[in-house]
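# Architecture and fold: a report
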Amino acid sequence: MPFIFVLIWSTGFIVAKFGLPYADPLTFLLLRFTGVLVVLLPLVWLMKAPWPVGRMRHIAVAGMLVQAGYLAGVWCAIKLGMPAGLSALIVGLQPILTAFAAPLVGERVRGRQWVGLMFGLCGVALVVANKISVAGLSWQSIALTVFALMSITVGTLYQKRYCPSFDLRTGTIIQFAASIAVLLPFAVAFEHLDAGLRNVQWTPNFIGALLWSILALSIGAIFLLFALIRKSAATQVTSLLYLTPPTTAVMAWGMFGEAFSIVGMLGMVLAVIGVALVVRK
C-alpha cells in the first residue's frame, strides 16, 4: 500500500505540467473535485454506503485543509512562478512539522525516527537541488507554498485526531464537496470562471491530465492516504512524502528527459534510508 501510494502521489507534479497550460489552477481543481463527485455519488447510492453521522463537520474540515488548502496553494504558487523544485522542498518540511506536533495526537517520535526525518529532508534537498532557482520568485508564491505546507500538515493531524476512521466512499464525497464550496468563490473572483468554462482549453493533454487527477490522484491516492492515516502514526505516514520528489524526478527524467544527476541519485538513497528509519517498527 505505501509503495502504490507514493507511486501515484508522485504523479501530481507531472499532472500539473500537463494541465496548467490549458486551465487556471483553481478551475482545474474544481473540475477535478467535481469529477470525483460524479464518479463516487452513483457508487455510494448503488452500494448503500453508510454516511458518517456525527463526524461530517470534522471530515469536511480535514478535507478543506488536505484538498483545497494544500492543492490550491501549491498549484497557484507554481502558476505565479514558484519553481517546482523549490515548492517540493518547502512542502517537504511537512514530516518534520508533523513530528513536532505528534504529541497533539498522542504520538511519540523516537530518536531513530528523528534521524530518519533529517535524512529524508536532506535527501529531498539533494534531489531537487538542481531544480531550485529564484527566477520569477515572488512573496505571493512563497506565501502560497508555505500556506500549502501548513494546510496539509494541520489537515493530516486534524484527521488523525478527530476522524481517523470513516467510510472512504462517503467521507471522500464530503471532503471534496466541502473543497468545492471553498474554492468556487475564489475561482469566480480571480479566474473569471463561468458556467461555459471559457477559460479552459479542452486539449487531449488537458483531458488526460484531468481524468488521471480524478481517478488516480483524487480517488486512488486519497483512498490509500486515508487508509494509511487510519492504520499508522501520522509521522510515519507523512514521512512517505519524502519519497515523492525522488520518484517524480525519475518520472520527469523518463517522460520529459529532465536531467537526473549523481547528486540526485544520492538524495534518493538518503530519502529511502530516512523513510525506512521512520517507519521501522
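Once that is clear, we can look at the packing of aromatic side chains. Summed over all chains, the structure comprises eight aromatic pairs. Between Trp 9 and Tyr 70, the aromatic rings sit 6.3 Å apart at their centres with planes inclined by 15 degrees, giving stacked as the arrangement. Here the residue Trp 9 occupies a position in helix H1 (residues 2-9), and Tyr 70 occupies one in helix H4 (residues 56-79), the gap between them amounting to 61 residues. Taking relative accessible area as the criterion, Trp 9 reaches 12% and is therefore assigned buried. Aromatic pair Phe 186 and Phe 190: ring centres 6.4 Å apart, planes at 10 degrees, arrangement stacked.

A few words on empty space enclosed by the protein. With the rule as written, the count across this model stands at two cavities of 30 Å³ or more. For the largest cavity, the calculated volume is near 320 Å³. If you go around the largest cavity, you meet 21 residues; those closest to its centre are Trp 9, Phe 13, Tyr 70, Val 91 and Thr 244. Contributions of two or more residues to the lining of the largest cavity are made by helix H2 (12-19), H4, helix H5 (84-91) and helix H12 (244-256).

Glancing now at a nonpolar patch on the surface. Residues Val 39, Leu 43, Trp 45, Leu 46, Met 47 and Leu 215 make up a contiguous nonpolar surface patch of about 650 Å² in total accessible area. Top contributing element to the nonpolar patch by residue count: helix H3 (residues 25-47), with five residues.

For the pair helix H6 (residues 94-101) and helix H7 (residues 111-128), the least separation of the axes is 9 Å and the interaxial angle reads 160 degrees. By the angle between their axes, H6 is roughly antiparallel relative to H7. In this structure, the crossing between H6 and H7 has a hand that is left-handed. Facing Pro 95, Ile 96, Ala 99 and Phe 100 of H6, the residues of H7 in contact are Trp 114, Leu 117, Met 118 and Leu 121.

Quick notes on the rules
Residues numbered from 1 in each chain as written. Predicted model: local features only at pLDDT ≥ 70, side-chain atom pairs only at ≥ 80, totals over all residues. Heavy atoms only, no water. Phe/Tyr/Trp six-rings, centres within 6.5 Å; stacked < 30°, edge-to-face > 60°. Helix = DSSP H or I, 4+ residues; strand = E, 2+ residues; numbered from the N terminus. Buried < 20%, exposed > 50% of the residue type's maximum accessible area, 1.4 Å probe, protein only. 1 Å grid on protein atoms, 1.4 Å probe; cavity = no way out; pocket = protein on both sides within 12 Å on 5 of 7 lines; lining within 4 Å. Points joined across faces, edges and corners; volume = space filled by probe spheres on them. Patch = residues over 30% accessible without salt bridge, like charges linked within 9 Å, V, L, I, M, F, W, Y side chains within 5 Å. Areas by Shrake-Rupley, 256 points an atom, 1.4 Å probe, with all protein chains shown as cover. Salt bridge = Lys/Arg side-chain N within 4 Å of Asp/Glu carboxyl O. Axes fitted to C-alpha atoms, helices over the stretch in contact; angles between N-to-C directions. Parallel < 35°, antiparallel > 145°, perpendicular 65-115°, else oblique. Left-handed = near helix turned anticlockwise from the far one by under 90°. Contact = heavy atoms within 4.5 Å.

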